[in-house]
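# Observations on chain architecture
The chain contents come next:
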Amino acid sequence: LISFVFSPFPLLSQIKKQQQDVLGFLEANKIEFEEKDIAANEENRKWMRENVPEDSRPASGNPLPPRLFNDSRYLGDYEAFFEARENNAVYAFLGLTAPPGSKVGVHLPPWEP
């Protein structure tokens, strides 16, 4: 199950847009997921801090949302999601099998002029 870690009250408008982007993609593609609200639930905050690997944490402070997990396996932050989406590889990024005929599951080779 995909876990979408978010804050309903992000301090930065950029984070709000990133969260809406991820949420919109998951909903539009009917990908089953659970929301983990880190603003209202201390357990979710603790879970996120414990499951984001050291090399994916900021130099200071705590990791910021949005973050994606498959069960407790860390997948990445918005930048990783965005890169996977740009490369039509979101299903692979999420550790899911793409539905038949979905171009989002196909990894296309880089374009060469």
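Residues numbered from 1 in each chain as written. Predicted model: local features only at pLDDT ≥ 70, side-chain atom pairs only at ≥ 80, totals over all residues. Heavy atoms only, no water.

Applicable threshold: UniProt positions are given in the numbering used here, feature names are shortened, and annotations may be inferred rather than shown by experiment.
The chain has the name SH3 domain-binding glutamic acid-rich-like protein 1 in an unreviewed UniProt entry, where Ceyx cyanopectus is given as its organism. Listed in UniProt under the heading Function (unreviewed entry), the comment for the chain reads: "Appears to function as an adapter protein that bridges proteins together or proteins with mRNAs. May function as a ubiquitin ligase-substrate adapter. Additionally, associates with translating cytoplasmic ribosomes and may promote the expression of specific mRNAs." On record in UniProt, under Sequence similarities (unreviewed entry), the comment for the chain is "Belongs to the SH3BGR family."

## A look at the nonpolar core
For soluble globular proteins, the rule of thumb is that nonpolar side chains tend to be buried together. Applicable threshold: In these notes, a set of buried Ala, Val, Leu, Ile, Met, Phe, Trp, Tyr and Cys residues joined through side-chain atoms within 4.5 Å is what counts as a nonpolar core. Remark: exposure states derive from per-residue accessible area (1.4 Å probe, protein chains only) relative to the maximum for the residue type, with buried under 20%, exposed over 50%, and partly exposed in between. Each helix is a run of H or I in the DSSP string that is no shorter than four residues. Each strand is a run of E no shorter than two, and both are numbered from the N terminus. Contact criterion: two residues are considered in contact whenever any of their non-hydrogen atoms come within 4.5 Å of each other.
Among the nonpolar cores identified, the biggest contains 16 residues, and Val22, Leu26, Ile31, Leu68, Phe81, Phe93 and Leu94 are the most heavily contacted of them. Looking at which element gives the most residues to this core, the answer is helix H4 (residues 90-94), with four residues. Not counting chain neighbours up to four residues away, the residues in contact with Leu94 comprise Ile2, Leu26, Ile31, Leu68, Asn70, Arg73 and Leu75.

## What to know about the packing of aromatic side chains
The criterion, for reference: In this analysis, rings of Phe, Tyr and Trp, with Trp reduced to its six-membered ring, are considered paired at centre separations within 6.5 Å, and the interplanar angle assigns stacked below 30 degrees, edge-to-face beyond 60, and tilted for intermediate values. The criterion is that NZ of a Lys, or CZ of an Arg, lies within 6 Å of the ring centre and within 35 degrees of the ring normal, and then a charge sits over that ring.
The tally for this structure, following the rule as stated, stands at seven aromatic pairs. The interplanar angle of 35° and the centroid separation of 6.0 Å between the aromatic rings of Tyr78 and Phe82 together place this pair among those described as tilted. Of this pair, Tyr78 and Phe82 both sit in helix H3 (residues 78-86), four residues apart, which is roughly one turn of the helix. What links up through ring pairs into an aromatic cluster is the set Phe25, Tyr78, Phe81 and Phe82. The ring of Trp47 has Lys36 lying over it, and the distance from NZ or CZ to the ring centre is 4.3 Å.

## Points about unusual backbone geometry
Of note, the amide linkage connecting Pro65 to Pro66 takes the cis form, showing an omega dihedral of -5°. By secondary structure assignment, the location of Pro66 is in the loop between helix H2 (42-51) and strand E3 (67-70). Located in the positive-phi region is Lys30, a residue other than glycine, with phi close to 50°. Tracing the chain through its elements places Lys30 in the loop between helix H1 (13-28) and strand E2 (33-37). Phi is positive for Asp71, which is not a glycine, with a value near 55°. Of note, Asp71 is situated in the loop between E3 and strand E4 (73-77).

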